[in-house]
Amino acid sequence: MIDRLSAVEARFLSERIVEFNASLVPFTQSPPFVPIAYGFKDDSGDMLGGITATVYCWKVLCIDVLWVSENCRGKGVGSELLRAAEDEARQMGCALAHWHV
């Protein structure tokens, strides 16, 4: 029977695949998952853009979300956010990056 999983059950699956991957190819970083998040806000603190990403297991950067409000698009905000995340990842020794699709 196939059923929807709870958040706890989904986390269980994630933990099992992490264990499996580590058993085949040892991780080259510790901790194995390092979150990165940057935001772009206006003077009143309203969020106008942001990026969330993770540096994982083998010093690989995975971009999860990159969002910029419509009125800020085309002004370089997204590029600045991406650059901030990439710069932090590079400082951790990352040489590879990909988008989470």
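One structure accompanies this document, and this report is about it. (Residues numbered from 1 in each chain as written. Predicted model: local features only at pLDDT ≥ 70, side-chain atom pairs only at ≥ 80, totals over all residues. Heavy atoms only, no water.)

Before going further, it helps to spend a moment on the overall build of the chain. Within the chain, the secondary structure is distributed over 2 helices and 4 strands. Start at the N end of the chain and walk to the C end: the helices and strands fall as α-β-β-β-α-β. Over its C-alpha atoms the chain spans a radius of gyration of 17 Å, topping by over 25% the 13 Å that the globule rule assigns to 101 residues. Principal axes of the C-alpha set define a box for the chain whose edges measure 45 × 35 × 20 Å. Buried residues in the chain amount to 23% of all 101 residues. Counting every atom, the chain has about 7,300 Å² of accessible surface; 58% of that belongs to carbon and sulfur. The distance from the centre of the 9 positive side-chain charges to the centre of the 13 negative ones in the chain is 3 Å. (Helix = DSSP H or I, 4+ residues; strand = E, 2+ residues; numbered from the N terminus. Rg over C-alpha atoms; globule rule 2.2 N^0.38 Å. Buried < 20%, exposed > 50% of the residue type's maximum accessible area, 1.4 Å probe, protein only. Areas by Shrake-Rupley, 256 points an atom, 1.4 Å probe, with all protein chains shown as cover. Lys, Arg positive; Asp, Glu negative; His and termini not counted. Charge placed at Lys NZ, Arg CZ, Asp CG, Glu CD.)

All right, on to the sheet that holds strand 4 (residues 96-99) then. Reading across from one edge, 1-2-3-4 is the order of the 4 strands in this open sheet, with mixed pairing throughout. Of all the strands in the sheet, just strand 1 (33-41) and strand 4 have a single pairing partner and so form its edges. For this sheet, the mean angle separating the axes of adjacent strands, direction not counted, is 20°. By the bridge criterion, 9 bridges tie strand 1 to strand 2 (residues 47-56) in an arrangement that is antiparallel. Its bridge partner being in strand 2, Ile36 is matched across the sheet by Ala53. (Pairing = 2+ DSSP bridges. Axes fitted to C-alpha atoms, helices over the stretch in contact; angles between N-to-C directions.)

Bringing the pattern of salt bridges into the picture now. If you walk through the whole model with that rule in mind, you get 3 salt bridges. A salt bridge links Glu15 to Arg16; its shortest N-O distance comes to 3.9 Å. Notably, a salt bridge pairs Glu19 with Arg16, separated by 2.8 Å at the nearest N-O pair. Highlighted residues: Glu19 and Arg16, both in helix 1 (residues 7-24), separated by 3 residues, approximately one helical turn. (Salt bridge = Lys/Arg side-chain N within 4 Å of Asp/Glu carboxyl O.)

Let's shift gears to the packing of aromatic side chains. All chains considered together, the criterion is met by 2 aromatic pairs. When the centroid spacing of 5.3 Å and the interplanar angle of 80° are considered together, the rings of Phe27 and Trp58 count as edge-to-face. Here the residue Phe27 occupies a position in the loop between helix 1 and strand 1, and Trp58 occupies one in the loop between strand 2 and strand 3 (60-68), the gap between them amounting to 31 residues. Owing to a relative accessible area of 28%, Trp58 belongs among the partly exposed residues under this scheme. Relative to Trp58, the ring of Tyr56 has its centre 6.1 Å away and its plane inclined at 80°; by these criteria the two rings are edge-to-face. Assessed through its relative accessible area of 21%, Tyr56 is described here as partly exposed. (Phe/Tyr/Trp six-rings, centres within 6.5 Å; stacked < 30°, edge-to-face > 60°.)

This part is about the pairing of strand 4. As judged from the 4 bridges shared by strand 3 and strand 4, these two strands associate in the parallel manner. Residue Leu61 lies in a different strand from strand 4, and its bridge partner there is Ala97. Once you follow strand 3 into helix 2 (residues 77-91) and on to strand 4, the crossover reads as right-handed. (Right-handed = clockwise from strand over helix to strand, strands pointing away.)

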